[in-house]
Amino acid sequence: MTHSAHTPASAALPDSSLEELDDRSRRALTERIAVTALGRGTYEVVGQSEDAYLVDLPAGRCTCPDYRFRDERCKHVRRVAIEITAGRVPAPDQIAVGCERCGETLFADRTAPEPYLCPSHDLSVGDAVYDRETGQRLLVVGLSDRRADEVSISTIRGTVADHYSNREYDADDPVVSVVYPDSFELTNHGPVPGSLTVYSFPRSRLSTEPLSD
Ligand SMILES: [Zn+2]
Ligand SMILES: [Zn+2]
């Protein structure tokens, strides 16, 4: 299943540090431009004037007059690169597909095996994951569609997203509940009740691969 992925022409772009950019980059950022991935590294770029140009990103080529006659890296090529960096269109080696469970569009490597699953649905209870902050191994015990900024942590006055160790991660990430299996303690009296505390993490803090450092 392939979805067309494009950014709405009205997509808001942050205007921070625009002053440091040259004219051409500034225009690439601020003009209302819609970018649609056509596959194989080709993108259609429609600007405010409604003119549509084709960008071949791997080759760095564009069909606009700026590129063809002045041989300059035009604003369309720049804008495609910006949209890819922002995660709004797939990179040349990616395809836009729908999550098998919720249908949300995601960008998967062209060679990635199915099923395609979005970050909310690519984990299962019982999976081992790794904390990107500490490298520790965790066990998934709960999955949720609730966002990190909606779920409170009882030990702080705030949400999962507010916790100092989660500031680098997106506040709208789904929350994943985990335990530290290595903290489990068994005594002659049985398991220590508090040794398997459940913690909540933003999804993007968890890696499915062990972290190499
Ligand atoms: Zn161009
Ligand atoms: Zn999904």
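Note on numbering: residues in each chain are counted from 1, in written sequence order. Written order decides the labels, with chains lettered from A and ligands numbered from 1. This being a predicted model, a pLDDT of at least 70 is required before a residue's local features are given, and a value of 80 or more before pairs of side-chain atoms are given or counted; all residues contribute to the totals for chains, interfaces and linings. Derived side-chain values reflect all non-hydrogen atoms in the structure, with water molecules and hydrogen atoms excluded from consideration.

- Under the annotation held in an unreviewed UniProt entry, the chain carries the name SWIM zinc finger family protein and is attributed to Natranaeroarchaeum aerophilus.

**Focus on the nonpolar core**
Right, on to step 1. Counting 14 residues, the largest nonpolar core has Val35, Tyr43, Val55, Cys62 and Val80 as its most contacted members.
Right, on to step 2. Secondary structure elements are taken from DSSP: a helix is a run of H or I of four residues or more, a strand is a run of E of two residues or more, and numbering for both begins at the N terminus. Of all the secondary-structure elements, those providing two or more residues to this core are strand S2 (42–46), strand S3 (52–56) and helix H3 (75–85).
Right, on to step 3. We call two residues in contact when some of their heavy atoms are within 4.5 Å. Dropping the residues within four chain positions of it, Val55 is found in contact with Gly41, Thr42, Tyr43, Val45, Arg61, Cys62, His76, Val77 and Val80.
Right, on to step 4. Residues enter a nonpolar core if they are buried and are Ala, Val, Leu, Ile, Met, Phe, Trp, Tyr or Cys, with the set joined through side-chain atoms within 4.5 Å. We call a residue buried when its accessible area falls under 20% of the maximum for its residue type, exposed when it is over 50%, and partly exposed in between, using a 1.4 Å probe and counting protein chains only. In this structure, Val176, Val178, Tyr180 and Phe201 belong to the second largest nonpolar core, which totals nine residues.

**Some remarks on unusual backbone geometry**
Right, on to step 1. Residues Glu114 and Pro115 are joined by a peptide bond in cis, for which omega reads 5°.
Right, on to step 2. With respect to the element layout, Pro115 can be found in the loop between strand S6 (105–109) and strand S7 (128–131).
Right, on to step 3. In this structure, Arg40 takes a positive phi of about 55° despite not being glycine.
Right, on to step 4. For Arg40, the position within the fold is in the loop between strand S1 (34–39) and S2.

**With respect to the coordination of the zinc ion (ligand 1)**
Right, on to step 1. Coordination shells were defined by N, O and S atoms within 2.8 Å of each metal, extended to 3.2 Å for Na, K and Ca; water is absent from the atom set, which can make sites look incomplete. The zinc ion (ligand 1) binds to the protein through Cys62 (SG), Cys64 (SG), Cys74 (SG) and His76 (ND1); the donor distances cover 2.1 to 2.3 Å.
Right, on to step 2. Every donor counted, the four donor atoms about the zinc ion (ligand 1) form angles of 105 to 115° at the centre, which fits tetrahedral coordination.
Right, on to step 3. Each donor residue of the zinc ion (ligand 1) belongs to the same chain, and together they define the spacing C-x1-C-x9-C-x1-H. Residue Cys62 is found in strand S4 (residues 61–62), and its partner Cys74 is found in the loop between helix H2 (65–70) and H3; the two are separated by 12 residues along the sequence. Across the pair, Cys74 and Cys62 agree in class, each one buried. For four-coordinate sites, all angles between 85 and 135 degrees define a tetrahedron; for four- and six-coordinate sites, opposite donors beyond 155 degrees with the remaining angles between 65 and 115 define square planar and octahedral shapes respectively, and all other cases count as irregular.

**Let's talk about the UniProt feature "domain: SWIM-type" (unreviewed entry) in the chain**
Right, on to step 1. UniProt marks residues 53–85 with the feature "domain: SWIM-type" (unreviewed entry), using the numbering shown here.
Right, on to step 2. Annotated as residues 53–85, this span is 52% helix and 18% strand, and its ends, taken at the C-alpha atoms, are 20 Å apart. UniProt positions are given in the numbering used here, feature names are shortened, and annotations may be inferred rather than shown by experiment.

**Here we look at the sheet that holds S2**
Right, on to step 1. Here we have four strands laid out as an open sheet, ordered S1-S2-S3-S4, and antiparallel in their pairing. Only two strands of the sheet have a single partner each, and these edge strands are S1 and S4.
Right, on to step 2. Strands are treated as partners if at least two bridges between them are detected by DSSP. Here five bridges tie S1 to S2, and the two strands are oriented antiparallel to one another. Each residue of the ladder has a partner; that of Val35, found in S2, is Val45.

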